[in-house]
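So you can see what is in the structure, the chains are spelled out below.
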Amino acid sequence: MSFSAKELKAFLQSVVETIEENKDYLSELDRKLGDGDHGVTMSIGWQAVQEKLDNEWKDENDCGKISISAGRTFLSAVGSTVGPLYATGFLRGGKEVQGKSELTGEDLNNFWTAFIEGIKERGQAEVGDKTMIDTLQPALDTLKQEYARSGIFAEAFSKAVASGKEGMESTKDLLSKKGRSSRLGERSLGNQDPGATSSYLILKAFESVMTSVQTA
């Protein structure tokens with residue numbers, strides 16, 4: 001498959017819209033576990049990305065530059081923990097596709113592998129800690145396995161998104177081990193992690209754009 005800079009920008013635009021639509025939901029999840037601002041924080045970061053989409057990136061066709069700029073823009077707008085995490089993801093992913101205006105399935109596989117591994121390295125979290133890694137690591141494991149098996153990125157990524165969703169939903173049954181919510185102990189049980197939720201929404205947004213490219 002081929003995925004252009006135009007489609008990468010469409011993915012980022014889709015994330016902007018998805019986060020805005022789910023801002024209150026994400027903050028409601030966070031009120032049960034943290035300080036209740038995850039939706040607002042994500043919105044601030046992605047609205048900054050929107051500004052770039054509307055102006056600086058209109059004529060940019062280097063996928064690496066777009067992704068790296070997205071990471072830096074998000075970090076500048078969001079100083080909280082989630083800022084460095086997503087910034088690292090987009091910076092690492094962007095380095096994998098520098099100088100390319102059209103991305104192959106192999107490029108996309110490399111992008112998402114670097115994206116997720118970068119977040120995990122920066123956040124120092126593991127599956128079971130009730131964080132975004134409970135979404136992202138199962139997604140990455142499935143992506144690696146399925147892409148190695150079939151060599152078809154779109155098929156592998158869709159299965160990865162399904163694994164990510166299962167991981168997100170599993171956080172309801174986990175005790176928080178990271179951040180402010182770790183102080184809640186057993187009171188954190190029964191509540192879905194907001195970071196795991198927002199990371200799933202980002203994966204789902206990419207899947208939706210990828211599907212539209214395939215059917216166009």
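These lines cover the structure that appears in this document, whether it is placed above or below. Remember, predicted model here, so these are calculated numbers, not experimental data.

A count of helical and extended segments in the protein chain gives nine helices and two strands. What you see in the protein chain, going N to C, is helices and strands ordered as β-α-α-α-α-α-β-α-α-α-α. Relative to the globule expectation of 17 Å for 216 residues, the C-alpha radius of gyration of the protein chain, 16 Å, shows essentially globular dimensions. Along the longest, intermediate and shortest principal axes, the C-alpha atoms of the protein chain span 50 × 40 × 30 Å. Buried residues in the protein chain amount to 54% of all 216 residues.

The tendency in soluble globular proteins is for nonpolar side chains to be buried as a group. Of all hydrophobic cores here, the largest spans 55 residues; its most connected members are F11, L12, W46 and W112. At the level of elements, α1 (5-21), α3 (38-54), α4 (63-77), α5 (82-96), α6 (105-123), α7 (133-150), α8 (153-170) and α9 (194-215) are the ones that each hand at least two residues to this core. The element best represented in this core is α9, accounting for nine residues. Each residue touching L12, except ones within four places of it in the same chain, is listed here: W46, V49, L53, W57, I66, A70 and F90.

This part covers the environment of K6. Turning to its location among the elements, K6 is positioned in helix α1. Taking the C-alpha atoms as reference points, K6 and W57, 51 residues apart in sequence, are found 9.9 Å from one another.

Looking now at the side chain of T41. Secondary-structure assignment places T41 in helix α3. For T41, a relative accessible area of 12% translates into the label buried.

Let us look at α7. Spacing of three or four residues puts side chains on the same side of an α-helix, whose turn is 3.6 residues. Its 18 residues give α7 an end-to-end C-alpha distance of 25 Å, which sits within 8% of 26 Å, the value for a rise of 1.5 Å per residue. Buried residues of α7: I133, D134, T135, L136, Q137, A139, L140, T142, L143, E146 and Y147, and no others.

So, how was this worked out
- Residues numbered from 1 in each chain as written.
- Predicted model: local features only at pLDDT ≥ 70, side-chain atom pairs only at ≥ 80, totals over all residues.
- Heavy atoms only, no water.
- Helix = DSSP H or I, 4+ residues; strand = E, 2+ residues; numbered from the N terminus.
- Rg over C-alpha atoms; globule rule 2.2 N^0.38 Å.
- Buried < 20%, exposed > 50% of the residue type's maximum accessible area, 1.4 Å probe, protein only.
- Core = buried A, V, L, I, M, F, W, Y, C linked by side-chain atoms within 4.5 Å.
- Contact = heavy atoms within 4.5 Å.
- Expected span 1.5 Å × (residues − 1).

Shape descriptors only; they carry no functional weight alone.
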